[in-house]
Structure formats: C-alpha cells, structure tokens
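This is what each chain is made of:
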Amino acid sequence: ISADADANSDFAVVRSMASLQTTLAEAKAAGKPVLVDFYADWCTACVEMDTKVFANQKVQAILNSFALVRVDLSNNTAEDQALLKEYN
C-alpha cells in the first residue's frame with residue numbers, strides 16, 4: 001500500500017481523499033478487507049484506541065489479515081474537513 005506507514009503501528013496513514021481512495025483501491029486489488037481508522041492526535045478516544053486496543057496482541061493477531069488505513073485528521077486542514085464531511 002502506497003500511503004506512508006505510521007511509525008507507531010501497522011496503519012497506512014492517509015491525509016487526503018485522493019490518498020484514501022488510492023489506498024482503498026490497492027487493498028481491493030490485493031483482495032484484503034480494510035479497517036479504516038479515523039484518527040486525530042488531539043482526540044483522547046483515538047489515542048486510547050491506539051494504546052489499549054490496537055496495541056493488544058490479540059487484536060493485532062486478528063488485524064493481520066486486514067489492510068489497516070488511518071485517516072489522520074490531526075491538523076484540521078481543509079482536506080481534513082472534506083474527509084470529515086464525506087464520511088460524516
């Protein structure tokens with residue numbers, strides 16, 4: 001998957017609609033199911049998911065068969081707002 005790898009996880013990090021669409025198309029072409037995580041570093045629930053859920057070895061074992069995509073909305077840019085609007 002062409003998106004940047006997140007240093008803290010196995011998620012491909014995307015920050016634009018075009019990058020998200022490309023990443024999803026690549027996962028589809030590879031025949032992998034996708035888990036999309038909408039994330040912001042200022043979101044306490046997002047950080048908690050990272051530290052308590054995604055870091056759990058049992059969860060990681062299940063997610064190994066998925067293409068993991070993180071839509072990073074941390075910067076609250078116009079592109080972030082477009083993604084939020086598109087995916088409500």
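Read on for an overview of the structure. (Residues numbered from 1 in each chain as written. Predicted model: local features only at pLDDT ≥ 70, side-chain atom pairs only at ≥ 80, totals over all residues. Heavy atoms only, no water.)

## A closer look at the packing of aromatic side chains
(1) Moving on: The tally for this structure, following the rule as stated, stands at 2 aromatic pairs.
(2) Moving on: Note on Phe-38 and Tyr-87: the rings are 5.6 Å apart at their centroids and 45° apart in plane angle, and the pair reads as tilted. Here Phe-38, found in strand β3 (residues 34-39), pairs with Tyr-87, found in helix α4 (residues 78-87); they are 49 residues apart in sequence, far enough to count as distant.
(3) Moving on: Positioned above the aromatic ring of Phe-11, the side-chain terminus of Arg-70 is 4.4 Å from the ring centre.
(4) Moving on: Positioned over the ring face of Tyr-39 is Arg-70, at 4.4 Å from the centre of the ring. (Phe/Tyr/Trp six-rings, centres within 6.5 Å; stacked < 30°, edge-to-face > 60°. Helix = DSSP H or I, 4+ residues; strand = E, 2+ residues; numbered from the N terminus. Lys NZ or Arg CZ within 6 Å of the ring centre and 35° of its normal.)

## Side note on the pattern of salt bridges
(1) Moving on: What the rule picks out here adds up to 4 salt bridges.
(2) Moving on: The partner of Arg-70 in a salt bridge is Asp-50, with the nearest N and O atoms 2.6 Å apart. Of this pair, Arg-70 sits in strand β4 (residues 67-72) while Asp-50 sits in helix α2 (residues 44-54), and the two are 20 residues apart along the sequence.
(3) Moving on: Given a relative accessible area of 1%, Arg-70 falls into the buried group. (Salt bridge = Lys/Arg side-chain N within 4 Å of Asp/Glu carboxyl O. Buried < 20%, exposed > 50% of the residue type's maximum accessible area, 1.4 Å probe, protein only.)

## Focus: a nonpolar patch on the surface
(1) Moving on: On the surface, Val-36, Phe-38 and Tyr-87 cluster together into a nonpolar patch covering about 240 Å² of accessible area.
(2) Moving on: Mapped onto the secondary structure, Val-36 falls in strand β3.
(3) Moving on: On the accessibility criterion, Val-36 (33% relative accessible area) is partly exposed. (Patch = residues over 30% accessible without salt bridge, like charges linked within 9 Å, V, L, I, M, F, W, Y side chains within 5 Å. Areas by Shrake-Rupley, 256 points an atom, 1.4 Å probe, with all protein chains shown as cover.)

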